[in-house]
Amino acid sequence: MHLMACHECDFLQKIPPVPEGSAALCARCGSLLLRNKPKSFQRPLALLMAGAILFVMFNAFPFLTFKKGGLVHETYVATGIRDLADQGMPHLAALVAFNLLIAPGLHLLAFLYVLVPVSLNRRAPGMFRVFRYLRLLQPWHMVEIFMLGVLVSMVKLAKMAQIIPGVAVYSLTAFIFVMAAASAAIDPHEVWERWEAPR
Amino acid sequence: MKPTAPTARAAGLVACSVCHLLCPGKPAARPDGAHRCPRCGARLHSRKPDSIARTWALVIAACIFYIPANVLPMTTVTSLGAVQSDTIMSGVIYFVQSGSWPIALVIFIASVFVPLLKLAILGYLLISVQRQSRKRQKDRTRLYLVTEAVGRWSMLDVFVVTILVALVNLGALATIQAGPAALHFAAVVVITMFAAMSFDPRLIWDAWQAKETSDE
Ligand SMILES: [Zn+2]
Ligand SMILES: [Zn+2]
C-alpha cells in the first residue's frame, strides 16, 4: 500500500499494489492516478532511437511537391517556416518552428538523456530537471496536428495542382506513431523510483 | 455529518505536481513558492497560485484576440494579378461548396467550435468554483481534463496556412501570403492553452471542504 494524492482533486488515498498493465483510478473523481507499465527500458529506448532517425529524415528529405504541367515546386518541412518569416511574420514562424521542430527535438533528446543512464542504473547530471521540463514540453509538441494539416492542404490544393508527398511525409507519419508508442511504454513512476534507489 | 474528505491539504501535505511525491506542507509556506520537491526539485503548491485570477485574465485576453482572428484574412492568394483574401469562415465555406464535407467539418470544429467551447467551459468552471458549487464535481473534473487535452488541436489552421504558404510560392504565377488573422488565431490557441494550464481542478473539490467546515 502506498499513499498518494490525486493530481486533479487532491483526494488522499491508499493504493494497493497495481498489477502490471493495470491502472489505479481516484476513488473520488475517477481520474487516472497511475498506470503500471511493463518494467523495461529496452522497448522505449529502441523506439526513441527509431524516433531520432525519423526526426532527421523528415527534416532532410523533400516534404510536399507542387506539380502543375511543367512547373515543379519542391518544399521541405522547414520551407513554410522560412516563408512565414520572409513574409514579415517572424513570431508565427517561431511558434510553428517551436511546435514542429524544437519541442519534438528537445523532447526526444531529453528522453534519451534521462533514459539511457537510468536503464544502466546511473543518473545523468541534472536529469531531474530535464525530466521535469519534458512534461512541460509535451503539450507544445504538435507533429500529429501538423499531419492533419498536411491532409487538409492536399485536399485544398487538389483542384489547383498535383501535390506529391515525399519521403518526409512518410517519415513524419512514422515519427508520430513511434513517439506515441515510446511515451506509452515509459513509466514515469518507474523512472522516479529507480532514480531514488541508488542514492 | 460526513467527516471532511481526506485531502492532501487537509492532512498538511502537498503532492508534487510532477513526480507525485507527497511532501510535508510547510506550516508557513512562503507566498513566493520557494518550497521545492525533495525528489524532483519542482515547486510545490498545494493549489496553483492565483489560479482563478490568472485563468480569468487569460480567458478574457483570448476572447479579445478571437475577434480579429475571425474577421481579418487568414490567407491572401495572389494569382496572376488577382488578389483574394480568405477568413477562417470563408475557408470553411469553400470546402462546403467544393463538396469536401469532412474537411469543412474538421476545420470548423478545430478553428471555430473548439476555441469557443473551450472559453465557454473555462468560464463556466471558473464561475462554478467562485460560487463554491458542489454540484457534479466529477463531471466538471472530466470536463476540465477533456478541455485541456483537446485545445491544442486548434493549431490546425495555423499549420495549414504554413503548408499553403510554402507550396504556393510560384512567383508571378501564384503566391499565398499568411494574413494577420493567422497571428491572432495562434495567439488565441496559445493563450487558451495557458488558461487551461493555470486552472486548478482541485478548486472544484475545495468547495466541498469549505461548505462542510462552515456548516459546523
Ligand atoms: Zn481525484
Ligand atoms: Zn517532485
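It should be noted that the structure appears before, not after, this text.
Since the structure is predicted, the reported quantities are computational estimates derived from the model, not experimental observations. (Residues numbered from 1 in each chain as written. Chains lettered and ligands numbered in written order. Predicted model: local features only at pLDDT ≥ 70, side-chain atom pairs only at ≥ 80, totals over all residues. Heavy atoms only, no water.)

Our focus in this paragraph is the overall build of chain A. Counting secondary structure elements, chain A contains seven helices and seven strands. Taking 2.2 N^0.38 as the reference for a compact globule, 199 residues should give roughly 16 Å; the C-alpha atoms of chain A span a radius of gyration of 21 Å, well beyond that estimate. In terms of overall dimensions, chain A has a C-alpha envelope of 70 × 35 × 30 Å along the principal axes. Relative to its 199 residues, chain A shows a buried fraction of 51%. Taking as baseline every contact in chain A between residues at least 6 positions apart, the subset at least 24 positions apart corresponds to 60%. Surface summary for chain A: the accessible area is close to 9,300 Å², and the carbon and sulfur share equals 65%. Here chain A contributes 18 positive and 11 negative side-chain charges, whose respective centroids are spaced 1 Å apart. (Helix = DSSP H or I, 4+ residues; strand = E, 2+ residues; numbered from the N terminus. Rg over C-alpha atoms; globule rule 2.2 N^0.38 Å. Buried < 20%, exposed > 50% of the residue type's maximum accessible area, 1.4 Å probe, protein only. Contact = heavy atoms within 4.5 Å. Areas by Shrake-Rupley, 256 points an atom, 1.4 Å probe, with all protein chains shown as cover. Lys, Arg positive; Asp, Glu negative; His and termini not counted. Charge placed at Lys NZ, Arg CZ, Asp CG, Glu CD.)

Counting its regular elements, chain B contains seven helices and five strands. Across chain B, helices and strands are ordered from the amino to the carboxyl terminus as β-β-α-β-β-α-α-α-α-β-α-α. Relative to its 216 residues, chain B shows a buried fraction of 50%. Here the analysis covers contacts within chain B between residues at least 6 apart in sequence; of these, 68% occur between residues at least 24 apart.

Further remarks concern unusual backbone geometry. Residues other than glycine predominantly adopt negative phi, and peptide bonds predominantly adopt the trans conformation. All names here are of chain B. In this model, H20 sits at a positive phi of 65°, which is unusual for a non-glycine residue. Within the secondary structure, H20 sits in the loop between β1 (13-15) and β2 (22-24). On the basis of relative accessible area, H20 is assigned to the buried category, the value being 18%.

Taking strand neighbours across the sheet as the criterion, the three strands line up as β6-β5-β7 (chain A) in an open arrangement whose pairing is antiparallel. Edge strands, defined here as strands with exactly one partner in the open sheet, are β6 (71-74) and β7 (162-165) of chain A. Mean inter-strand twist for the sheet, computed between neighbouring axes without regard to direction, equals 20°. Note: strand β5 (residues 64-68) of chain A against β7 of chain A, four bridges, orientation antiparallel. Counterpart to T65 of chain A in the pairing with β7 of chain A is I164 of chain A. Across the face of the sheet, helix α5 (residues 156-167) of chain B comes into contact with β5, β6 and β7 of chain A while running at roughly 50° to β5 of chain A. (Pairing = 2+ DSSP bridges. Axes fitted to C-alpha atoms, helices over the stretch in contact; angles between N-to-C directions.)

Here the focus is helix α6 (residues 167-185) of chain A. Residues and elements named next belong to chain A. An ideal rise of 1.5 Å per residue puts 27 Å on 19 residues; α6 measures up with 27 Å between its terminal C-alpha atoms. Every buried residue of α6 is listed here: A168, V169, S171, L172, F175, I176, V178, M179, A182 and A185. Where α6 is buried, its residues touch α1 (42-60), β5, α3 (90-119), α5 (143-157) and β7. (Expected span 1.5 Å × (residues − 1).)

Attention now moves to the interface of chain A and chain B. Listed by partner, the interface residues are 58 residues for chain A and 67 residues for chain B. Taken together, the two surfaces of chain A and chain B that pack against each other cover about 5,700 Å², and 72% of this comes from carbon and sulfur. On the chain A side of the contact with chain B, D10, R28 and K156 of chain A bury the most area, a combined 12% of that side's loss. Here chain A is connected to chain B by two salt bridges. The interface formed by chain A and chain B includes 13 residue pairs in polar contact (both at pLDDT 80 or more). (Buried area = accessible area lost by both parts, 1.4 Å probe. Salt bridge = Lys/Arg side-chain N within 4 Å of Asp/Glu carboxyl O. Polar contact = N/O pair within 3.5 Å; in protein donor to acceptor, adjacent residues only side chain to side chain.)

For the rest of this paragraph, the subject is the pairing of β5 of chain A. Strand residues, when the strand is regular, have side chains that alternate between the two faces of the sheet. In the sheet, β5 of chain A pairs with β6 of chain A via four bridges, with the strands oriented antiparallel. Bridge pairing in β6 of chain A places K68 of chain A opposite L71 of chain A.

Attention shifts here to the coordination of the zinc ion (ligand 1). Looking at the zinc ion (ligand 1), one finds its protein donor set to be C6 of chain A (SG), C9 of chain A (SG), C26 of chain A (SG) and C29 of chain A (SG), positioned 2.3 to 2.4 Å from the metal centre. Between the four donor atoms coordinating the zinc ion (ligand 1), the angles at the centre fall across 105 to 113°, so the site counts as tetrahedral. (Donors = N, O, S within 2.8 Å, 3.2 Å for Na, K, Ca; no water. Tetrahedral: all angles 85-135°; square planar, octahedral: opposite > 155°, others 65-115°.)

Their axes nearest at 11 Å, the elements α5 of chain A and helix α2 (residues 88-97) of chain B cross at an angle of 60°. On the basis of the axis angle, α5 of chain A is oblique to α2 of chain B. In this structure, α5 of chain A meets α2 of chain B at a crossing whose hand is left-handed. Here V152, V155 and K156 of chain A of α5 of chain A come into contact with α2 of chain B, specifically with G91, Y94 and F95 of chain B. Residues of the contact of α5 of chain A with α2 of chain B, tallied by class, amount to four nonpolar, one polar and one charged. (Parallel < 35°, antiparallel > 145°, perpendicular 65-115°, else oblique. Left-handed = near helix turned anticlockwise from the far one by under 90°. Nonpolar A, V, L, I, M, F, W, Y, C, P; charged D, E, K, R; others polar.)

So, about the packing of helix α1 (residues 51-71) of chain B against helix α3 (residues 101-130) of chain B. All names here are of chain B. Taken N-terminus to C-terminus, the directions of α1 and α3 make an angle of 150°; their axes are 10 Å apart at the nearest point. By the criterion of interaxial angle, the relationship of α1 to α3 is roughly antiparallel. Seen from above, α1 lies across α3 with left-handed handedness. Between α1 and α3, the residues in contact are I52, T55, W56, V59, A62, C63 and Y66 and S111, V112, P115, L116, L119, L122, G123, L126, I127, V129 and Q130, respectively. Residues that form the contact of α1 with α3 fall into these classes: 14 nonpolar, four polar and no charged.

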